[in-house]
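Spelled out, the chains give:
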Amino acid sequence: MKFLLILLFSFGCYGQDGIVSSDNKESTELSRTLDDRPLLFATLGGGMVAVEPVSGNVIWKLKDEPVVKVPNQHANLMPQFLPDPRHGSLYMYGPRGDKQMLKKLPFTIPELVANAPCRSTDGILYTGKKSDTWFMLDPLTGSREHISGFENTKIFKSNEDNTCQLDKKKGVYVARTEYNILMHDSKNENHKWNVTFFDYTSHDMAKEMLNDYGIIHFTSTSNGRIMSFARKSGDLVWSHNFETPVVAAYLLDRDGLISVPFNSIGDDTLDHIMEDATTLRNGQGIKNSNIEL
């Protein structure tokens, strides 16, 4: 339990006045803070999962294209370019002297696309492409309809999409952008790389709302596990496994998506938190847990 308290303090999300006397009181406080807007979690595999913030019940699931796409790079092709699916940062892995080094480049994929065409000091030519798509999303069913875009993207051609009728009166406009960067070594015409990154347009959470947000989310860096705790009491409110890692979290607002903070941590640390949570308040803090350790 001590480990859990220290970790929550380290992220600035544990309230000292938070031991609640009953589950009903805690649920009411969370409901007042989060109202009825669903939480949306985007995963590395391209999924979008809608969850009720307080109960943790899954409302619906959607399947999109993977957040990042990197065509198979030959092992002998150096350097290798590796994208970060959370923010679109770009890493370069390759030889430096007699060692293999991993270096974070000083620009993200969206920034590269915005500044393309451009050339780096080491002779890499960058060519960029940006494609925006607007669609309308039904918060209750997950049904969506393509509204605007230069290309009718693959996600609207799948037979696996939710086939429920879209209620346009309740629909929310959501934008998704595809960033594609092509890299070509001017010193070796056979050295080419291609990286694609997808991102949803969202607004930052206002400071007042951020201070009042009643839940802290922990996700795994290597799989789809997520655990959500009440900020004031430290109780585990709900947990899930979304199969692939969470790369973004949002509140689905009438005006679009609002970014929700979450903390990506290693599996071992997540296990420690779960172990401490099982003993917190003699186990009374466990609700709706379906993670299998």
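Reading guide: rules and limits
- Throughout this document, residue positions are counted from 1 along each chain, in the order its sequence is written.
- Reporting of local features is limited, given that this is a predicted model, to residues whose pLDDT is at least 70; pairs of side-chain atoms are given and counted only at 80 or more, and all residues count toward the totals for whole chains, interfaces and linings.
- Side-chain metrics rest on all non-hydrogen atoms present in the structure, leaving aside hydrogens and water.
- Each helix is a run of H or I in the DSSP string that is no shorter than four residues. Each strand is a run of E no shorter than two, and both are numbered from the N terminus.
- Throughout this description, buried means an accessible area under 20% of the type-specific maximum (1.4 Å probe, protein chains only), exposed means over 50%, and partly exposed covers the range between.
- Any two residues having at least one pair of non-hydrogen atoms within 4.5 Å are treated as being in contact.
- Computed by Shrake-Rupley with a 1.4 Å probe, the accessible areas treat only the displayed protein chains as cover when residues are assessed.
- Pairs of N or O atoms within 3.5 Å make up the polar contacts considered here, provided that, within protein, one atom can donate a hydrogen while the other can accept it, and that residues adjacent in sequence are counted only when both atoms are side-chain atoms.
- Among the buried residues, those of types Ala, Val, Leu, Ile, Met, Phe, Trp, Tyr and Cys that are joined through side-chain atoms within 4.5 Å form a nonpolar core.
- The working definition used for a salt bridge is a side-chain nitrogen of Lys or Arg within 4 Å of a carboxyl oxygen of Asp or Glu.
- At least two DSSP bridges between two strands are required for those strands to pair.
- The axes are straight lines fitted to the C-alpha atoms, using for helices just the contacting stretch, and the angles between their N-to-C directions are given from 0 to 180°.
- A score from 0 to 100, pLDDT tells how confident the predictor is in each residue.
- The criterion for an aromatic pair is that two Phe, Tyr or Trp rings (for Trp, the six-membered ring) have centres within 6.5 Å, with stacked assigned to planes under 30 degrees apart, edge-to-face to planes over 60 apart and tilted to the rest.

### Some words on the overall build of the chain
Move 1: When its secondary structure is counted, the chain shows 5 helices and 19 strands.
Move 2: Burial analysis of the chain (293 residues in total) assigns 48% to the buried set.
Move 3: Look at the contacts in the chain between residues 6 or more apart in sequence, and 56% of them connect residues 24 or more apart.
Move 4: Element-wise, carbon and sulfur atoms account for 49% of the exposed surface of the chain, whose accessible area totals about 15,700 Å².

### A few points about the side chain of E65
Move 1: By secondary structure assignment, the location of E65 is in the loop between β3 (58–63) and β4 (68–69).
Move 2: Assessed through its relative accessible area of 12%, E65 is described here as buried.
Move 3: A distance of 3.0 Å separates polar atoms of two side chains, one belonging to E65 and the other to K69.

### Concerning the environment of G142
Move 1: Locating G142 in the fold gives a position in the loop between β9 (124–137) and β10 (144–149).
Move 2: Here the alpha-carbon distance between G142 and G171, two residues 29 residues apart in the chain, equals 9.5 Å.

### Let's talk about the nonpolar core
Move 1: Core analysis: the largest hydrophobic core is formed by 33 residues, its most contacted members being L40, F81, I109, L137, V174, I181 and M183.
Move 2: The element contributing the most residues to this core is strand β11 (residues 172–185), with 5 residues.
Move 3: Residues V51, F242, V246 and L251 belong to the second largest nonpolar core, which totals 18 residues.

### Description of the pattern of salt bridges
Move 1: Evaluation of the coordinates by the stated rule reveals 7 salt bridges.
Move 2: The partner of K69 in a salt bridge is E65, with the nearest N and O atoms 3.0 Å apart.
Move 3: One salt bridge in this structure joins R86 and D84, with 3.3 Å as the shortest N-O distance.
Move 4: On the accessibility criterion, R86 (38% relative accessible area) is partly exposed.
Move 5: Judged by relative accessible area, D84 falls into the buried class, the value being 9%.

### Section: the sheet that holds strand β18 (residues 256–259)
Note on sheets: strands pair through backbone hydrogen bonds, and any given pair is parallel or antiparallel.
Move 1: Strand order across the open sheet formed by 6 strands is β3-β2-β1-β17-β18-β13, with mixed pairing between neighbours. Only two strands of the sheet have a single neighbouring strand rather than two, namely β3 and β13 (202–203).

### Side note on unusual backbone geometry
Move 1: In this structure, P117 follows A116 across a cis peptide bond, with omega equal to 0°.
Move 2: Relative to the helices and strands, P117 is located in the loop between α3 (109–115) and β8 (118–119).
Move 3: Of note in this structure, E243 is not a glycine but carries a positive phi near 80°.
Move 4: With respect to the element layout, E243 can be found in the loop between β16 (236–241) and β17 (246–253).

### Focus: the sheet that holds strand β15 (residues 225–230)
Move 1: The strand order β16-β15-β14-β19 describes an open sheet built from 4 strands, whose pairing is mixed. Of all strands in the sheet, those bounded by a partner on one side alone are β16 and β19 (263–265). Strand-to-strand, the axes of this sheet are offset by a mean angle of 20°, without reference to chain direction.
Move 2: The pairing of β15 with β16 spans 5 bridges and is antiparallel. For I226, the partnering residue across the bridge sits in β16 and is H240.

### Here we look at the environment of G128
Move 1: Of note, G128 is situated in strand β9.
Move 2: Residue class for G128 comes out partly exposed when judged on its relative accessible area of 33%.
Move 3: As for G128 and M183, which are separated by 55 residues in sequence, their C-alpha atoms are 8.8 Å apart.

### Side note on the pairing of β16
Move 1: Most of β16 is tucked away, with 5 of its 6 residues classed as buried.
Move 2: Hairpin geometry of β15 and β16 is characterised by an intervening segment of 5 residues between the two adjacent antiparallel strands and by a positive phi of about 80° at G234.

### Notes on the confidence of the model for the chain
Move 1: Averaged over all residues, the pLDDT of the chain is 79; the fraction at 70 or higher stands at 73%.
Move 2: Note on residues 1–23: pLDDT is under 50 here. Beyond four places in sequence and across chains, it has 42 contacts.
Move 3: Confidence over residues 281–293 falls short of pLDDT 50; this stretch has 34 contacts with residues more than four positions distant or in other chains.

### Notes on the packing of aromatic side chains
Move 1: Inspection of the entire model under this criterion finds 7 aromatic pairs.
Move 2: A ring pair is formed by F81 and W193, whose centres lie 5.1 Å apart and whose planes are at 75°; its orientation type is edge-to-face. Of this pair, F81 sits in strand β5 (residues 80–83) while W193 is found in strand β12 (residues 192–200), placing the two residues 112 residues apart along the sequence.
Move 3: Look at F81 and you get buried, because its relative accessible area is 1%.
Move 4: With a centroid separation of 5.9 Å and an interplanar angle of 80°, the aromatic rings of F218 and F229 are classed as edge-to-face. Placement of F218 in strand β14 (residues 215–220) and of F229 in strand β15 is noted, with a sequence separation of 11 residues between them.
Move 5: The exposure class assigned to F218 is buried, which follows from its relative accessible area of 0%.
Move 6: Pairwise contacts between aromatic rings join F41, W238 and F242 into one cluster.

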